[in-house]
Amino acid sequence: MIIDNLKNISKYKDIPIEVVTFIESIDSTIKCGKHIISDDVYANVEEYTTKIIDNGKFESHRNYIDIQLLLSGMERIYVREVQGLNTEIPYSLERDIEFYSDNIANSDFVTLNGNNFVMLYPHEAHAPQIALDELSTKVLKVVVKVKVN
């Protein structure tokens, strides 16, 4: 996992230049939906209301790395190693996602605040979209998906 200020995103050699260019060019006027960046990279832009921690679920991906950032609002993403988690919904190759039944509450978390980003690898389960202190808020989020080679 990488957590850093957005202004430092170009310093990471593991992040393709087309991702850096895309992220540096977006603002809150971007349209929600899927944005194709290259053959191996796309971004999902979504707007939603954060949920309380009790409704959070760990998920993981096998074929893509997630780079997540907010354009507005704040949320927590709880993070834990995939190893040892209990599968609730088996892996879907079509959607590249698996869900787990484990409680997220006692796990580490990252707070996305509009100035930072988090990069999550396939071995890291994450529970996104969680409200801070039970106060749900509306967020505008970008999730860049980078294919694992």
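For every chain, the first residue of the written sequence is number 1, and numbering continues from 1 along that sequence. A pLDDT threshold of at least 70 governs which residues receive local features in this predicted model, and a stricter bar of 80 or more applies before side-chain atom pairs are shown or counted, although totals over entire chains, interfaces and linings include all residues. The basis for the side-chain values is all heavy atoms of the structure; hydrogens and waters are excluded.

Participant: Quick rundown of the side chain of E59? Include the residues and the values.
Facilitator: Helix and strand definitions here come from DSSP, where helices need a minimum of 4 consecutive H or I residues and strands a minimum of 2 consecutive E residues; each element is numbered from the N-terminal end. Position of E59 among the secondary structure elements: in strand β4 (residues 59-60). Buried, partly exposed and exposed residues are distinguished by accessible area as a fraction of the type maximum, computed with a 1.4 Å probe on protein chains only: under 20%, between the cut-offs, and over 50%, respectively. Working convention for charge: Lys and Arg count positive, Asp and Glu count negative, and His plus the chain ends are omitted. A carboxyl oxygen of Asp or Glu within 4 Å of a side-chain nitrogen of Lys or Arg is what we treat as a salt bridge. No salt bridge is formed by the buried E59, whose closest oppositely charged neighbour, K145, lies at an N-O distance of 5.8 Å. A distance of 3.2 Å separates polar atoms of two side chains, one belonging to E59 and the other to H61. Those residues in contact with E59 that sit more than four places away from it in its chain are I97, E98, F99, Y100, E124, A125, H126 and P128. In the analysis that follows, any N or O atom pair within 3.5 Å is treated as a polar contact, provided that within protein one partner can donate a hydrogen and the other can accept it, and provided that, for residues neighboring in sequence, both atoms belong to side chains. The contact rule is simple, with two residues in contact once any of their heavy atoms fall within 4.5 Å.

Participant: Break down the nonpolar core for me, with residues and values.
Facilitator: Membership of the largest hydrophobic core comes to 22 residues, with the highest contact counts inside it found for I67 and V144. For this core, the secondary structure elements donating two or more residues are α1 (17-25), β3 (41-49), β5 (64-72), β10 (116-120) and β12 (138-147). Once residues within four sequence positions are removed from consideration, V144 is found in contact with V19, F22, I23, I37, V41, Y42, A43, I65, D66 and I67. Among buried residues, those of type Ala, Val, Leu, Ile, Met, Phe, Trp, Tyr and Cys that are joined through side-chain atoms within 4.5 Å constitute a nonpolar core.

Participant: Mind laying out the pattern of salt bridges, listing which residues take part and the relevant values?
Facilitator: As a working rule, side chains carrying opposite charge can pair if their charged atoms are close by. Applying the stated criterion across every chain, the model contains 5 salt bridges. In this structure, the salt-bridge partner of K138 is E47, at a minimum N-O distance of 3.8 Å. Here E47 lies in strand β3 and K138 lies in strand β12, a separation of 91 residues in the sequence. On the accessibility criterion, K138 (55% relative accessible area) is exposed. Its salt-bridge partner being E88, residue K57 comes within 2.8 Å of it at the nearest N-O pair. Taken together, the residues span a long stretch of sequence, with K57 in the loop between β3 and β4 and E88 in strand β7 (residues 87-92) at a distance of 31 residues. Given a relative accessible area of 40%, E88 falls into the partly exposed group.

Keep in mind these numbers describe shape, not what the thing actually does.
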